[in-house]
Amino acid sequence: MRSFVTRFAPSPSGFLHLGHAHSALCAFEAARTAAGHFVLRIEDIDTVRCRPEFEAAIFEDLRWLGLSWEHPVRRQSEHFDDYAKSLKRLNDLGVLYRCFKTRREVMADMVRAPHGVGEVYAGPANKMSTAEEDDRIGAGQPFAWRLSLAAAREVLCTNWERLHFIEEGAGPDGEQGKITARPEILGDVILARKDITTSYHLSVVHDDTLQGINHVVRGVDLFESTHMHVLLQNLLQMPTPIYRHHGLINDDSGKRLAKRNAAASLHTYRKQGLNRQDMHQMLL
Ligand code: GLU
């Protein structure tokens, strides 16, 4: 196995904020401490919201922070075919279904998540008939592909109970060590959006494996997603990396920084004349 390999995977839909910088530094430092590798991945599957100028700003900000990374940088928007292959593998397993529902219809069907904190879509009350499905497809109605947790449970059989990951950081409630994965926290997630042929969950799992990422260092806001990623890795027979979720940066009033909080963007701090050392001190 390649030594320690970790990554920072920003979406170029805005400028990097302090939370991103903290995450990037945590991953970079983890790789450096382990004499391992640090990989950068551009998660730009949403080609409407992601823009080249934000990508350029990300590179510039990270360089300014003093980070360096391996080349070439993987840009997800160049690999839709790859994600389609993983999607097909899941479809061949029989764990996907088409979801024609509008956002509003899905919201109306949300239920409280078992073990989770929020509400999730846990699947349709009744399976759509093939005839109705064919009619809708024929009429050109858009659909998303969702993962059926019920079908996935059947495929994995007793292995479902064994789904787990190793947490080297901490979950929101301080969870550490061997953690049982509970994909039901997120319900029947979308794996290919109506407008995009993939999703965050599918492409992140695909790319972590492809890039040989064996340690995922990222914010605890993605802890719930990890439960789903472990399930996808098992269905796709991909290895599960070790996870290290780190705490989030708060603003002066103790509130979590919003992802697109312009005032807190690195860009703005730099323009105000903050130097790299000050920034490192603020973040680590
Ligand atoms: N692209 C995700 C984000 O910007 C991060 C994905 C990950 O670290 O798994 O929030």
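Summary of the structure given here. Residue numbers restart at each chain and count upward from 1, following the sequence in its written direction. Totals for whole chains, interfaces and linings use every residue, but because this is a predicted model, local features are given only for residues with pLDDT of at least 70 and side-chain atom pairs only at 80 or more, for both listing and counting. Neither water nor hydrogens contribute to the side-chain values; these are computed over all heavy atoms in the structure.

Points about the pattern of salt bridges
Argument step 1. Basic side-chain nitrogens of Lys or Arg form a salt bridge, by our definition, when they fall within 4 Å of a carboxyl oxygen of Asp or Glu. Considering all chains together, one arrives at 21 salt bridges under this definition.
Argument step 2. R7 is the salt-bridge partner of D208, the closest N and O atoms lying 3.0 Å from each other. Taken as a pair, D208 in helix α7 (residues 200–210) and R7 in strand β1 (residues 5–8) lie far apart in primary sequence, 201 residues in all.
Argument step 3. Only protein chains enter the accessibility calculation, which uses a 1.4 Å probe; a residue is then buried when its area is under 20% of its type maximum, exposed when over 50%, and partly exposed in between. Classification of D208 as buried rests on a relative accessible area of 3%.
Argument step 4. Look at R7 and you get buried, because its relative accessible area is 4%. Helix and strand definitions follow DSSP, with helices as H or I runs of at least four residues and strands as E runs of at least two, each counted in order from the N terminus.

What about the side chain of S148?
Argument step 1. Note on placement: S148 falls in the loop between β7 (144–147) and α6 (149–156).
Argument step 2. S148 gets classed as buried once you look at its relative accessible area, which sits at 14%.
Argument step 3. In this structure the side chain of S148 is engaged in a polar contact, spanning 3.0 Å, whose partner is the backbone nitrogen of A151.
Argument step 4. Throughout, a residue-residue contact means that at least one pair of heavy atoms, one from each residue, lies within 4.5 Å. Other than its neighbours up to four places away in sequence, S148 contacts V95, Y97 and D188. Between N or O atoms, a polar contact is any pair within 3.5 Å; within protein, one atom must be a potential hydrogen donor and the other a potential acceptor, and residues adjacent in sequence are included only when both atoms are from side chains.

Looking at the environment of V73
Argument step 1. By the element assignment, V73 lies in the loop between α2 (52–65) and β3 (74–75).
Argument step 2. Along the sequence, V73 and L96 sit 23 residues apart, while their C-alpha atoms lie 31 Å from each other.
Argument step 3. Look past the residues within four positions of V73 in its chain and what remains in contact with it is L40, I42 and F59.

Quick word on the sheet that holds strand β4 (residues 96–99)
Strand pairing in a sheet relies on backbone hydrogen bonds. The paired strands run either parallel or antiparallel.
Argument step 1. Note on pairing: two strands pair once DSSP finds at least 2 bridges between them. Spatially, β4-β7-β10 is the arrangement adopted by the three strands of the open sheet, whose pairing is antiparallel. Bordering the open sheet on either side are β4 and β10 (190–192), each of which pairs with just one other strand. Each strand of the sheet is rotated relative to its neighbour by a mean of 45°, with strand direction disregarded.
Argument step 2. Sheet analysis places β4 next to β7, joined by four bridges and oriented antiparallel. Considered in β7, the bridge of L96 is made with L147. Working convention: axes come from line fits to C-alpha atoms, limited for helices to the stretch in contact. Angles between N-to-C directions cover 0 to 180 degrees.

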